Amino acid sequence: MTVTPFTPLESLAGGALIGASAVLLLLTTGRLAGISGIVRRLLPPYAASAPLEAAAFIAALFASPFVWTLATGGPVHQTVTPSLSLAVVAGLLVGAGVFAARGCTSGHGVCGLARLSRRSIVATAVFMATAAATVYAVRHVIGGWPWA
Amino acid sequence: MGVIGALLSGLLFGLGLILSGMVDPAKVQNFLDIAGTWDPSLAFVMAGAIGVAAPGFWLVRRRAAPLSGSQFRVPPADAPIDRRLVIGAAVFGIGWGLAGFCPGPALVSLPLAAPGTIAFVSAMVAAISVCALLQARK
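Residues numbered from 1 in each chain as written. Chains lettered and ligands numbered in written order. Predicted model: local features only at pLDDT ≥ 70, side-chain atom pairs only at ≥ 80, totals over all residues. Heavy atoms only, no water.

### A closer look at the interface of chain B and chain A
Many descriptions give the size of an interface as the accessible area lost when the pieces come together.
And then number 1: Counting from both sides, the interface comprises 107 residues of chain B and, opposite them, 105 residues of chain A.
And then number 2: Buried area between chain B and chain A, both sides added, is near 9,500 Å², and the carbon and sulfur share of it is 77%.
And then number 3: It is F13, F57 and L98 of chain B that lose the most area in chain B upon contact with chain A, and together they represent 8% of the buried surface on that side.
And then number 4: Scanning the region where chain B abuts chain A turns up two salt bridges.
And then number 5: Here D33 of chain B and R139 of chain A are joined by a salt bridge, their closest N and O atoms 2.7 Å apart.
And then number 6: Applying the counting rule to chain B against chain A returns 25 residue pairs in polar contact (both at pLDDT 80 or more).
And then number 7: By residue number, the principal contributor to the side of chain B that touches chain A is helix α1 (residues 2-20) of chain B, which donates 18 residues. (Contact = heavy atoms within 4.5 Å. Buried area = accessible area lost by both parts, 1.4 Å probe. Salt bridge = Lys/Arg side-chain N within 4 Å of Asp/Glu carboxyl O. Polar contact = N/O pair within 3.5 Å; in protein donor to acceptor, adjacent residues only side chain to side chain. Helix = DSSP H or I, 4+ residues; strand = E, 2+ residues; numbered from the N terminus.)

### Points about helix α3 (residues 51-72) of chain A
And then number 1: If you check α3 of chain A, its first and last C-alpha atoms are 32 Å apart, about what 22 residues at 1.5 Å a residue would give, namely 32 Å.
And then number 2: The principal kink in α3 of chain A, of about 35 degrees, is found at A63 of chain A, preceding the proline P65 of chain A by one to four residues.
And then number 3: Within the span of α3 of chain A, buried status applies to E53, A54, A56, F57, I58, A60, L61, S64, P65 and W68 of chain A.
And then number 4: Residues of α3 of chain A that are buried sit in contact with α1 (8-29) and α2 (35-41) of chain A together with α1 and α5 (103-109) of chain B. (Expected span 1.5 Å × (residues − 1). Bend = angle between axes of the 7 residues up to and from the residue. Buried < 20%, exposed > 50% of the residue type's maximum accessible area, 1.4 Å probe, protein only.)

### Some thoughts on the packing of helix α5 (residues 105-114) of chain A against helix α6 (residues 118-141) of chain A
Relative placement of two packed helices is described by the angle separating their axes and the distance separating the axes.
Residue and element names in this part refer to chain A.
And then number 1: Remark: α5 packs on α6, axes separated minimally by 9 Å, with the N-to-C direction vectors making an angle of 130 degrees. Judged by the angle between their axes, α5 and α6 are oblique. Viewed along their axes, α5 and α6 form a crossing whose handedness is left-handed. Of the residues in α6, those in contact with T105, G107, H108, G109, G112 and L113 of α5 are R119, S120, I121, A123, T124 and F127.
And then number 2: Tallied by class, the residues present in the contact of α5 with α6 amount to four nonpolar, seven polar and one charged. (Axes fitted to C-alpha atoms, helices over the stretch in contact; angles between N-to-C directions. Parallel < 35°, antiparallel > 145°, perpendicular 65-115°, else oblique. Left-handed = near helix turned anticlockwise from the far one by under 90°. Nonpolar A, V, L, I, M, F, W, Y, C, P; charged D, E, K, R; others polar.)

### A word on the nonpolar core
And then number 1: Counting residues in hydrophobic clusters, the biggest one holds 74 residues, and the most contacted among them are F57 of chain A together with F57 and F120 of chain B.
And then number 2: Setting aside anything within four residues of it in sequence, one finds F57 of chain B in contact with A22, V23, L26, L32, C111, A114 and R115 of chain A. (Core = buried A, V, L, I, M, F, W, Y, C linked by side-chain atoms within 4.5 Å.)

Written out as structure tokens, the structure is:
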């Protein structure tokens, strides 16, 4: 387990940027900033709606770590799992889950809560609970991912 | 206008995820690990995001239409809660807890090319594609 420092100011400011991003997207395109929905619109079968805006949003997400490093001079700090089996299992669960729930942390957890959507309040409570239970089970019950 | 808005919005979103620490799976998992190395930072991310988005959305929705396009494409806030929503959210949460990645931070991390990130995003996109194609065939 990697200990991470408590960063209330950076996290609050970063959250405010995410909120401002969602407001800007709604104002300019009329859509909510739900990442899983934006990814979905870029994959077949295609709906009639403009995938160009979705592609632009994702391209800018890809550019953001480079812009970060240019602007701050520092790297993006992260610790990603070294286990490819864990990454694949988790990616499959996340993909299927957000498709069924029609939203993830951004669409339900930020945009949905901000507009008091009942579906989003339920979804956020459920995914927070199963995520915390999963971390508890892996770290404190079985003592780590068994198939490194 | 729509494309420029989407570009700026995507950039702000990505920088917000990086500044807040959401892009670090270890930090996300520590937020979820109340019994262990708990790091409450991510509660501040949600507070900051909702604190700006809630009044911002309210102001934007007073307009008849967005700057680009003829109408807002937003699901109704009072749509019914069904089993699909609850099961989907539960499955998503398990994957989120396992890797510490949800879709936004995983995509922002993709250009940094950690092997775990590439594997996660490939599996996630494959799962969304298969689900979408299966649903379309019904």
